[in-house]
Amino acid sequence: MEKLNFLTAGIPLRAKDYKTGFTALNELGLNGLELEFVHGVRMSDASRDFIKNNKESLVLTAHAPFYINLNSKEEEKVEASITRIIETAMLANELGSYSITYHAAFYLKEDKDTVFKKLINRHEKIFEALNKENNSIWVRPETTGKGTQWGNIDEIIELSKIFPNMLPCVDFSHIHARTAGKFNTYDEFALIFEKIGKNLGDIALNNFHAHIAGIEYSDKGEKKHLNLEESDFNYKDLLKAFKKFNIRGAIVCESPNIEEDCKLLKDYYNSL
C-alpha cells in the first residue's frame, strides 16, 4: 500500500448504516473500516451494492466470525470454521477489501507442534478453495490475547512462510495482554517489526494489517478492550515505531469508542 491507513472496527458509532458510516469516516478524515462479520458472514443486498458502488478511496478489511476453531475436536466444527473463513474471504474480495483476519484456533491442551501441523492442513483446504475462485485477498491469522489460544507472533510468522497469500494480522494490544504487560515500549514494538521484516520481507511491512485498542488483562491474558486513555497501552511509542519503520497498510482501532480513538491514533501519528 502507499501509506498507513486508519480504520474503525465496524461502522462508526455515530452512524446507523454503511451510508452514514462512510459519511462519518470522511468527515472525521479516517480512511476506512473493518467489516465485522461477528456472528456470521451475512450482508443485505442493499448494503453489498452500496459498498461496491461507494467505496471509492476508502480502505476495507474484514474480520471473520468469532465462531472459528480450526483445532476443534469435532470435525463438523472444523469444517464450519474453514467455511466461515472462505466465505469471509469471498465476500470481502467481492467488496474490494484489502485483507481478512480471524482468530484461528485454541490449543485445547494439545502439543503446539501437533496443532501447527493441523493448521497447515486446514489452511491448505482454505487456499485450495480460494485459488479455484482466483481469490488472492490477504488471509491473516490474528495474534491472540490469551495463552490458551493459538496465535503468538512467532507461530503466525511461521505459518505465513508456507502460504503466499498469508501475512499476520498483528493485534498489538493482544500481544501486550498475552504477555501480561510486556511489549509496551518502543524497543519491544520495534522488535516485532524487525522480526516480521526479517522473516517475511518488505512485502509484509508494506502491506501491514494491525489492530490497536486499550486493553484490560490479567496474568492469564486479555479480559476486555478499553478506550486508549483508560488503559496502560503505550500507543504513542507504538505509533513512533510505525513511523520509524515506514510501515504501510491498515491500522484498525478496536477501542469501544472506535472513531474517537481511531482519530486520536491518526492525529498523533500525523504529528510525528
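Here, every reference points to the structure presented above.
The rules behind these values
- Residues numbered from 1 in each chain as written.
- Predicted model: local features only at pLDDT ≥ 70, side-chain atom pairs only at ≥ 80, totals over all residues.
- Heavy atoms only, no water.
- Buried < 20%, exposed > 50% of the residue type's maximum accessible area, 1.4 Å probe, protein only.
- Helix = DSSP H or I, 4+ residues; strand = E, 2+ residues; numbered from the N terminus.
- Pairing = 2+ DSSP bridges.
- Right-handed = clockwise from strand over helix to strand, strands pointing away.
- Expected span 1.5 Å × (residues − 1).
- Contact = heavy atoms within 4.5 Å.
- Core = buried A, V, L, I, M, F, W, Y, C linked by side-chain atoms within 4.5 Å.
- Phe/Tyr/Trp six-rings, centres within 6.5 Å; stacked < 30°, edge-to-face > 60°.
- Arc of directions from axis to C-beta.
- Polar contact = N/O pair within 3.5 Å; in protein donor to acceptor, adjacent residues only side chain to side chain.
- Axes fitted to C-alpha atoms, helices over the stretch in contact; angles between N-to-C directions.
- Parallel < 35°, antiparallel > 145°, perpendicular 65-115°, else oblique.
- Left-handed = near helix turned anticlockwise from the far one by under 90°.
- Nonpolar A, V, L, I, M, F, W, Y, C, P; charged D, E, K, R; others polar.

Caption draft 1: Summary view of the pairing of strand 3 (residues 59-63). Buried residues dominate strand 3, accounting for five of its five residues. Of the two faces of strand 3, both are covered, the one formed by Val59, Thr61 and His63 as well as the one formed by Leu60 and Ala62. Bridge count between strand 2 (residues 32-36) and strand 3: five bridges; the pairing is parallel. Bridging across to strand 3, Glu34 finds its partner in Thr61. Between the parallel pair strand 2 and strand 3, the chain is carried across by helix 2 (residues 45-54), and the sense of this crossover is right-handed. Looking at chain direction, strand 3 and strand 4 (residues 99-102) are connected through three bridges and run parallel. Paired with Thr61 across the two strands is Ser99, which belongs to strand 4. Crossover connection from strand 3 via helix 3 (residues 75-94) to parallel strand 4: handedness right-handed.

Caption draft 2: Highlighting helix 3. In this model helix 3 runs 29 Å from its N-terminal to its C-terminal C-alpha over 20 residues, within 8% of the 28 Å that 1.5 Å per residue would give. What helix 3 keeps buried is the set Val78, Ser81, Ile82, Ile85, Ile86, Thr88, Ala89, Leu91 and Ala92. Packed against the buried residues of helix 3 are helix 2, strand 3, strand 4 and helix 4 (112-132). Positive backbone phi, approximately 80°, marks Gly96, located one or two places after helix 3.

Caption draft 3: Representation of the nonpolar core. Counting 84 residues, the largest nonpolar core has Trp150, Phe172, Ile196, Phe208 and Phe242 as its most contacted members. In contact with Phe208, not counting residues within four places along its chain, are Tyr98, Arg140, Val170, Phe172, Phe193, Ile196, Phe242, Ile247, Arg248, Gly249 and Ala250.

Caption draft 4: Focus on the packing of aromatic side chains. As enumerated under the stated definition, the model contains 14 aromatic pairs in all. Pairing Phe208 with Phe242 gives two aromatic rings, centres 5.8 Å apart and planes at 85°, and the pair type is edge-to-face. Of the two residues, Phe208 is situated in strand 9 (residues 208-212) and Phe242 in helix 9 (residues 235-244); the sequence distance between them amounts to 34 residues. Judged by its relative accessible area of 3%, Phe208 falls in the buried class.

Caption draft 5: Representation of helix 1 (residues 18-28) within the structure. Taken as a whole, helix 1 has its buried residues at Tyr18, Gly21, Phe22, Ala24, Leu25 and Leu28. The buried residues of helix 1 occupy one face: seen down the axis, they fall within an arc of 160°. Residues of helix 1 that are exposed and point more than 90 degrees away from the buried face comprise Lys19, Asn26 and Glu27. On its buried face, helix 1 sits against strand 1 (4-9), strand 2, helix 2 and helix 10 (258-271). For helix 1, the side-chain oxygen to backbone nitrogen distance between the N-cap and Lys19 is 3.3 Å, and the N-cap itself is Asp17.

Caption draft 6: Inspection of the packing of helix 5 (residues 153-160) against helix 7 (residues 186-200) at higher detail. Running from N to C, helix 5 and helix 7 cross one another at 20°; their axes reach a closest spacing of 10 Å. Viewed along their axes, helix 5 and helix 7 adopt a mutual orientation that is roughly parallel. The interaxial crossing formed by helix 5 with helix 7 has right-handed handedness. Contact with helix 5, carried on its side by Ile153, Asp154, Ile157, Glu158 and Ser160, involves Lys195, Ile196, Asn199 and Leu200 of helix 7 and no other residues of that element. For the contact of helix 5 with helix 7, a count of residues per class yields four nonpolar, two polar and three charged.

Caption draft 7: Broad picture of the environment of Phe193. Its place among the elements puts Phe193 in helix 7. For the pair formed by Phe193 and Glu133, sequence separation is 60 residues and the distance between their alpha carbons is 32 Å. Setting aside residues up to four positions removed in sequence, Phe193 forms contacts with Phe172, Leu205, Phe208, Leu238, Ala241, Phe242, Phe245 and Ile247.

Caption draft 8: View of the side chain of Lys55. You can see Lys55 is positioned in the loop between helix 2 and strand 3. Setting aside chain neighbours within four positions, we find Lys55 in contact with Phe22, Phe50, Leu60, Leu95 and Gly96.

Caption draft 9: Region of the structure containing the sheet that holds strand 8 (residues 170-171). Here we have eight strands laid out as an open sheet, ordered 6-4-3-2-1-12-9-8, and parallel in their pairing. Every other strand in the sheet has two partners, leaving strand 6 (138-141) and strand 8 as the edge strands with one partner each. Sitting on the sheet, helix 3 is in contact with strand 3 and strand 4, with an inclination near 155° to strand 4.

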